[in-house]
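In case you want the letters, here they are:
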Amino acid sequence: YWILGRLVQVLTSRTHAVYKKWVPNTNFENGTNWDKGTVPCSSDRIQFLPQKEVSVYVETIHGIQEMNLPVDGEFILPQGAGFAASNGQNDDCGPGSEVTFKDTELLLWFDPAQWQAASSWDNLEKGPFLFSVHGESVPCPQDDVVFWADSSFRVDTTANQLSVPVKSVSVLGNRFSSSDDFAQYLSSHSGRLQFHGASKVHVGEPGCSDKMGCVCDNSANHDRICSAVKCAPTDCKKPLRAAGHCCDVCGAIVHLRCKVGFDLSTYQQRLHHLFLIQPSYQSVQLAMSRLSTLWPLRLLSQEVVAEIQVLILDGETGGESGRVAESLARDILRDVSSQGTRLGIEGADYQASSGGSSTEGTSSNAGAVAGGVVGVLLLVACLLLLAGSEIGELGGPLDHGFDNPMFDKPTLMPAEPELYVRETGGSIVMTNAGIHFVNPSYDETDFET
Ligand SMILES: *[C@@H]1O[C@H](CO)[C@@H](O)[C@H](O)[C@H]1NC(C)=O
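Throughout this description, residue numbers start from 1 for each chain and increase along the sequence as written. Where totals are concerned, whole chains, interfaces and linings use all residues; where local detail is concerned, this predicted model gives features only for residues with pLDDT of at least 70, and gives and counts side-chain atom pairs only at 80 or more. Side-chain measures here rest on the full set of heavy atoms in the structure, leaving out hydrogens and waters.

K.L.:
Mind showing me how you'd approach the overall build of the protein chain here?
P.N.:
A tally of regular secondary structure across the protein chain gives nine helices and 24 strands. For the protein chain, the proportion of its 449 residues judged to be buried stands at 47%. Here the analysis covers contacts within the protein chain between residues at least 6 apart in sequence; of these, 69% occur between residues at least 24 apart. Total accessible area computed for the protein chain in this model is approximately 21,800 Å², and 51% of it derives from carbon and sulfur atoms. Here a helix means four or more residues in a row that DSSP labels H or I, a strand means two or more in a row labelled E, and each is numbered from the N terminus. Whether a residue is buried, partly exposed or exposed follows from its accessible area with a 1.4 Å probe, protein chains only, as a fraction of its type maximum: under 20%, in between, or over 50%, in that order. Any two residues whose heavy atoms approach within 4.5 Å are treated as being in contact. Surface accessibility follows the Shrake-Rupley procedure with a 1.4 Å probe radius. Residue values consider only the protein chains on display as shielding.

What follows is the structure in structure tokens.
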């Protein structure tokens, strides 16, 4: 596979690590975990729902008068924490009432709202946190997952497959990166209380060692992720849907075509220092993801080895919604056209929710061509998929696509793809010329318009 060959060339010791922290906790001292919104006082009667399993971290010592425990559960007591009998005569507490620990069953691993992401362990605590498309807000297989050390939690890890692969999981200060050790932990009493559901988290995946970034493959659970997301209404002309995102958004999407030498972390820093620190871009959120749909791009240039999607949102509303994001997209394109070669970026294009895009002549023509070629090839791929019922998942016959002799003969494509393809408002129109697509893996397929 040529992709693997290329990837091996760009492997470096520098990693592009992402840490994902589970935000909610089931700590005793967290008021939001109690039905009254506050931590019980010594005169309160404490109830745990009898049929619910809980794991509860207790930070300090609490005087209690009465506490009803669930059928199964645990208190995690660090040194100095605990419970002491109390007669409830504490002046600060008032007469006391019944206080119930809330149901903790409902929190889902695949709910993007429950996670925070950071590029380093240090940033996990105070930020800056990374903004991501929904599909990458939950842990990716190459991520380090962190459950905060001084906290308890309970997470439903049900997935669309039997296992949920990640690089490592840290629980209560212990980091598990060996699949055997973690499997053993999961079968322990604590492990069973903290992680429940039909699928099991599996650690030991390799981290991301590609400085161009790694594809976050959560596609198998995309519907599950999106069912946890509630989309806000949009008020722009042409809302955009970014790859991996669950909602249509107002803003802009930039696609970068990257060559060997591109470094995602360095480029993120560049965008930060050049643009994001500007006051006018203060409200901007920017998510960068490496896309898995690379192969059609090879037609364009043998040098392009990765495609990066940059989703840009802003805090604007009404008629201004997405305008600031679009202006940043144009700044990014200008930067690419002047510095792209040095940064390992072959070209870029953008679309904005105002209806604007780089195909409208403001900048790089290459962008328009790329969009068109990708569009056509995706269409061709779709038609082939429809035509060939035997085409299976990755690893199936579709892989033959990489052996396509056409890729080594770019001249088979007309020099100016615009002649026969144009993208209009999201749909693809073929004009003038037919596309003749010969692939030895399939019957000869001929598309004429
Ligand atoms: C309290 O719990 C809620 C929900 O689990 C969580 O979002 C919040 O961060 C917690 N607060 C603290 C101080 O731990």
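K.L.:
Can you help me understand the side chain of S170 in this one?
P.N.:
Turning to its location among the elements, S170 is positioned in strand β13 (residues 168-171). In contact with S170, other than residues within four places in its own chain, are W121, V145, V146, F147 and R175.

K.L.:
Whenever I open this one, the packing of aromatic side chains confuses me. Can you help?
P.N.:
Any two aromatic rings considered together are summarised by their centre-to-centre distance and by the angle between their planes. Note on aromatic pairs: the rings of Phe, Tyr and Trp (six-membered ring only in Trp) are paired at centre separations within 6.5 Å, and the planes decide the class, stacked below 30 degrees, edge-to-face beyond 60, tilted for the rest. Applying the stated criterion across every chain yields a total of 22 aromatic pairs. Pairing F182 with Y185 gives two aromatic rings, centres 6.2 Å apart and planes at 25 degrees, and the pair type is stacked. Remark: Y185 and F182 occur in helix α4 (residues 179-186); sequence separation between them is three residues, near one turn of the helix. Considered together, F182 and Y185 belong to a single accessibility category, that of buried residues.

K.L.:
What exactly am I supposed to notice about the pattern of salt bridges here?
P.N.:
Should the charged atoms of two oppositely charged side chains come close, the side chains can pair. Salt bridges, as used here, are contacts in which a Lys or Arg side-chain nitrogen is within 4 Å of a carboxyl oxygen on Asp or Glu. As enumerated under the stated definition, the model contains twelve salt bridges in all. D248 is paired through a salt bridge with R241; the nearest N and O atoms lie 2.9 Å apart. Residue classification places D248 among the partly exposed residues on the basis of a relative accessible area of 35%. In this structure, the salt-bridge partner of R257 is E346, at a minimum N-O distance of 3.3 Å. Note that R257 is positioned in strand β17 (residues 251-259) and E346 in strand β20 (residues 345-352), a separation of 89 residues in sequence. When its relative accessible area of 1% is taken as the criterion, R257 is described as buried. For E346, a relative accessible area of 30% translates into the label partly exposed. In the salt-bridge network here, residues are joined through shared partners; they are D144, K167 and R175.

K.L.:
What am I meant to see in helix α7 (residues 264-276) here?
P.N.:
Given 3.6 residues per helical turn, the α-helix brings residues three or four places apart onto the same face. Of the residues making up α7, those classed as buried are L264, S265, Y267, R270, L271 and F275. On its buried face, α7 is in contact with β17, β18 (285-290), β19 (304-313), α8 (323-343) and β20. Contacts described as polar in this section are N or O atom pairs within 3.5 Å, which, within protein, must combine one atom able to donate a hydrogen with one able to accept it, while residues neighboring in sequence count only if both atoms come from side chains. Of the residues that open α7, the one with a side-chain oxygen 3.0 Å from the backbone nitrogen of S265 is D263.

K.L.:
Sorry, what's going on with the sheet that holds β13 here?
P.N.:
Two strands in a sheet stick together by hydrogen bonds in their backbones, pointing the same way (parallel) or opposite ways (antiparallel). Strand pairing is assigned whenever DSSP identifies at least 2 bridges connecting the two strands. Spatially, the five strands line up as an open sheet ordered β9-β1-β10-β13-β14, and their pairing is mixed. Lying at the two open borders of the sheet, with one neighbouring strand each, are β9 (115-118) and β14 (174-176). On average, adjacent strands in this sheet sit at an angle of 20 degrees to one another, irrespective of strand direction. For strand β10 (residues 144-147) and β13, the ladder comprises three bridges, and the chain directions are parallel. The partner of D144 across the bridge, within β13, is S168. A fitted line through C-alpha atoms represents every axis, and for helices the fit uses only the stretch in contact; the resulting angles, taken between N-to-C directions, go from 0 to 180 degrees.

K.L.:
Honestly, the site of the ligand in this entry has me stumped. Any pointers?
P.N.:
By convention in this text, a residue qualifies as near a molecule or strand provided that one of its non-hydrogen atoms is within 4 Å of it. Around the ligand, the neighbouring residues are P24, N25, N30 and T32. The contact in question runs from an oxygen atom of the ligand to an N or O atom on the side chain of N25, over 2.7 Å. A distance of 3.0 Å separates an oxygen atom of the ligand from a polar side-chain atom of T32. Alone, the ligand offers 360 Å² of accessible surface; in the complex the protein occludes 48% of this.

K.L.:
How do you make sense of the nonpolar core when you look at a structure like this?
P.N.:
Most often, soluble globular proteins have nonpolar side chains that are buried together. Take the buried residues of types Ala, Val, Leu, Ile, Met, Phe, Trp, Tyr and Cys, join any two whose side-chain atoms come within 4.5 Å, and each joined set is a nonpolar core. Residues V254, L256, Y267, M288, I312 and I332 are the most contacted members of the largest nonpolar core, which totals 31 residues. Elements that contribute at least two residues to this core include exactly β17, α7, β18, β19, α8 and β20. Each residue touching L256, except ones within four places of it in the same chain, is listed here: Y267, M288, A306, E307, I308, V310, I332, V336, I345, G347 and A348.

K.L.:
Hey, could you run me through the side chain of E74 in this one?
P.N.:
Position of E74 among the secondary structure elements: in strand β6 (residues 73-76). We treat Lys and Arg as the positive residues and Asp and Glu as the negative residues; His and chain ends play no part in the count. Buried E74, no salt bridge; nearest opposite-charge side chain is R154, N-O distance 8.8 Å. Within the local environment of E74, its side chain forms a polar contact with the side chain of S55, the two groups lying 2.9 Å apart. Those residues in contact with E74, other than ones at most four positions away along the chain, are V54, S55, V56, H189, S190, L193 and Q194.

K.L.:
Got a minute to help me understand the sheet that holds strand β5 (residues 66-68) in this structure?
P.N.:
Spatially, the three strands line up as an open sheet ordered β5-β2-β8, and their pairing is parallel. Both edges of this open sheet fall to β5 and β8 (98-101), since each of them pairs with a single strand only. If you compare each strand with its neighbour and ignore which way they point, the axes differ by 20 degrees on average. Sheet topology places strand β2 (residues 45-48) next to β5; three bridges connect them, and they run parallel. Bridge pairing links I46 to M67 in β5.

K.L.:
Looking at this structure, how should I read the state of the cysteines?
P.N.:
Note on terminology: disulfide describes a covalent bond linking the sulfur atoms of two cysteines. Whenever a pair of cysteine sulfur atoms sits within 2.5 Å, that pair is classed as a disulfide. Within this structure, the stated rule accounts for five disulfides. The disulfide partner of C226 is C246, and the gap between their sulfur atoms is 2.1 Å. Measuring handedness by torsion sign, the sulfur bridge of C226 and C246 sits at about -85 degrees and is left-handed. Taken together, the positions of C226 in helix α6 (residues 222-227) and C246 in the loop between α6 and β17 put the pair 20 residues apart, joining distant regions of the chain. Judged by relative accessible area, C246 falls into the buried class, the value being 9%. Each sulfur of the disulfide joining C236 and C250 lies 2.1 Å from the other. Taking the sign of the S-S torsion, -90 degrees for the link of C236 and C250, the bridge is left-handed. Taken together, the residues C236 in the loop between α6 and β17 and C250 in the loop between α6 and β17 connect sequence positions 14 residues apart.

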